[in-house]
Amino acid sequence: MASKAKPDLPSAAPVHGARHVAIIMDGNGRWAKKRFLPRLAGHRAGVEAVRRVARAARDLGLECLTLYAFSSENWKRPATEVADLMALLRHFIQSDLDEFHANGVRLRVIGNYRALDASLVDLIEGAMARTAGNSGPVIAIALNYGAQDELVRMAQTLARRVAAGEVTAEEIGIGDVDDALYTAGLPPLDLLIRTSGEQRLSNFMLWQAAYAELYFTDMLWPDFDARALEMALDAFRMRDRRFGGL
Ligand code: IPE
Ligand code: IPE
Ligand code: MG
């Protein structure tokens, strides 16, 4: 069901104070297993959770929601599961892009998505181009994303800039690193959520998480919803972010 168009961000800053939330969406397989269903059923239910949470993020006034959908390590899974995940992603972009666009969402894909199937690359680039001029929140989908890969690419980019004489090694600063990452231009990461009870980053946003608040919940990703996001933001609001100061 199409939700009501809400192209504009709320004018007042949202009470939770978070601009950028990222989620490691974990637990689809265990959700399915508990129900004696195939893992694919868990991934399908996970897509429904993505829809709910993307709408909630908009309603809650987030500037950016980054979702870890497929890691650079997830290729280790059986080829059938990888194919299922890619098919779900393709279908998700095809079916939901109109709603995102109507609501002013900017879709962004981070990670080495160019290594994916050519038709999927075209679909992703078309979706990003179509929504690039929107003024609403960014939904960033991390696809074939690995933070170590991202940092290697950053080092290569900066090495090339030094070799070309654009900058000296000594001049390189934090901003240059930021600009050479997949996340260039996105707001600083405030809150990093991981579902399913695992307490690790699994190669996600290692640089960006430097001062993010971490929030772990036992809830499995397909059970996550607007209320769960609000609870995480409530917890975030109570944190004392000191950034090394007093
Ligand atoms: C998260 O769920 C989805 C992806 C990593 C693509 P999992 O598939 O990792 O689910 P579990 O961890 O096996 O329960
Ligand atoms: C992290 O989940 C990757 C995504 C959510 C896309 P995994 O299920 O792949 O992580 P590990 O293997 O438990 O660390
Ligand atoms: Mg997992």
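Parameters at a glance
- Residues numbered from 1 in each chain as written.
- Chains lettered and ligands numbered in written order.
- Predicted model: local features only at pLDDT ≥ 70, side-chain atom pairs only at ≥ 80, totals over all residues.
- Heavy atoms only, no water.
- Helix = DSSP H or I, 4+ residues; strand = E, 2+ residues; numbered from the N terminus.
- Rg over C-alpha atoms; globule rule 2.2 N^0.38 Å.
- Phe/Tyr/Trp six-rings, centres within 6.5 Å; stacked < 30°, edge-to-face > 60°.
- pLDDT = per-residue confidence, 0-100.
- Contact = heavy atoms within 4.5 Å.
- Buried < 20%, exposed > 50% of the residue type's maximum accessible area, 1.4 Å probe, protein only.
- Polar contact = N/O pair within 3.5 Å; in protein donor to acceptor, adjacent residues only side chain to side chain.
- Near = heavy atom within 4 Å.
- Areas by Shrake-Rupley, 256 points an atom, 1.4 Å probe, with all protein chains shown as cover.
- Nonpolar A, V, L, I, M, F, W, Y, C, P; charged D, E, K, R; others polar.
- Pairing = 2+ DSSP bridges.
- Core = buried A, V, L, I, M, F, W, Y, C linked by side-chain atoms within 4.5 Å.

## Some details on the overall build of the chain
Of regular secondary structure, the chain possesses 7 helices and 6 strands. Ordering the α and β elements of the chain from the N terminus gives β-α-α-β-α-β-α-β-α-α-β-β-α. Here the C-alpha radius of gyration of the chain, 18 Å, is about what a compact globule of 246 residues would show, namely 18 Å. Projected onto its principal axes, the C-alpha positions of the chain cover 55 × 45 × 35 Å.

## So, the packing of aromatic side chains
Taken as a whole, this structure holds 8 aromatic pairs when the rule is applied. For the ring pair Phe92 and Phe100, a centre distance of 5.9 Å and an interplane angle of 75° mean the geometry is edge-to-face. Counting every residue linked through ring pairs, the aromatic cluster contains Tyr68, Tyr145, Tyr182 and Phe204.

## With respect to the confidence of the model for the chain
Residues at a pLDDT of 70 or more form 95% of the chain, whose mean pLDDT is 95. The low-confidence segment residues 1–6 (pLDDT under 50) makes 12 contacts with residues lying over four places distant or belonging to another chain.

## Regarding the side chain of His16
Structurally, His16 can be placed in the segment before β1 (20–24). Using a relative accessible area of 8% as the deciding quantity, one classes His16 as buried. Within polar-contact distance, the side chain of His16 engages the backbone oxygen of Leu60 at 2.8 Å. When residues no more than four places from it in sequence are discounted, the contact partners of His16 are Leu60, Leu62, Leu233, Phe236 and Arg237.

## A word on the site of ligand 1
Every residue close to ligand 1 is listed here: Met25, Asp26, Gly27, Asn28, Gly29, Arg30, Arg39, His43, Ala69, Asn74, Arg77 and Leu85. One nitrogen or oxygen atom from the side chain of Asp26 is found 2.9 Å from an oxygen atom belonging to ligand 1. Here Gly27 contributes a backbone N or O atom positioned 3.4 Å from an oxygen atom of ligand 1. Out of a free accessible area of 380 Å², ligand 1 has 86% covered by protein chains. Every element with two or more residues in the shell around ligand 1 is listed here: α1 (28–34) and α2 (39–59). The biggest single contributor to the shell around ligand 1 is α1, with 3 residues.

## Some points on the site of ligand 2
The environment of ligand 2 is formed by Ile24, Met25, Asp26, Tyr68, Ala69, Phe70, Ser71, Asn74, Arg77, Arg194, Arg200 and Ser202. At 3.2 Å from an oxygen atom of ligand 2 is found a side-chain nitrogen or oxygen belonging to Asp26. For ligand 2, an oxygen atom lies 2.9 Å from a polar atom in the side chain of Asn74. Notes on ligand 2: free accessible area 390 Å², of which the protein chains cover 77%. Top contributing element to the shell around ligand 2 by residue count: strand β2 (residues 64–71), with 4 residues. Taken together, the residues of the shell around ligand 2 break down into 5 nonpolar, 3 polar and 4 charged.

## Section: the pairing of strand β6 (residues 213–216)
Side chains Glu213 and Tyr215 of β6 all project onto a buried face; the interleaved residues Leu214 and Phe216 project onto a face where none is buried. Sheet analysis places strand β5 (residues 191–194) next to β6, joined by 4 bridges and oriented parallel. Looking across to β6, one finds that Arg194 is bridged to Phe216.

## Focus: unusual backbone geometry
Trans peptide bonds make up most of the peptide bonds, and negative phi angles are found at most residues other than glycine. Residues other than glycine seldom take positive phi values, yet Asn144 does so here, at roughly 50°. Asn144 sits in the buried class, given a relative accessible area of 7%. Positive phi values are uncommon outside glycine, yet Ser202 reaches one of about 45°. With respect to the secondary-structure elements, Ser202 resides in the loop between β5 and β6. Note on Ser202: relative accessible area 29%, which makes it partly exposed.

## Description of the nonpolar core
One finds Val21, Ile23, Ile124, Ile139, Ile193 and Leu229 to be the most contacted residues of the largest nonpolar core, which totals 48 residues. Looking at this core, the element that brings in the most residues is helix α3 (residues 79–102), giving 9 residues. Once residues within four sequence positions are removed from consideration, Ile124 is found in contact with Ile93, Val109, Tyr113, Leu116 and Leu143. Ranked by size, the runner-up nonpolar core spans 14 residues in total, among them Ile24, Phe204, Met205 and Ala212.

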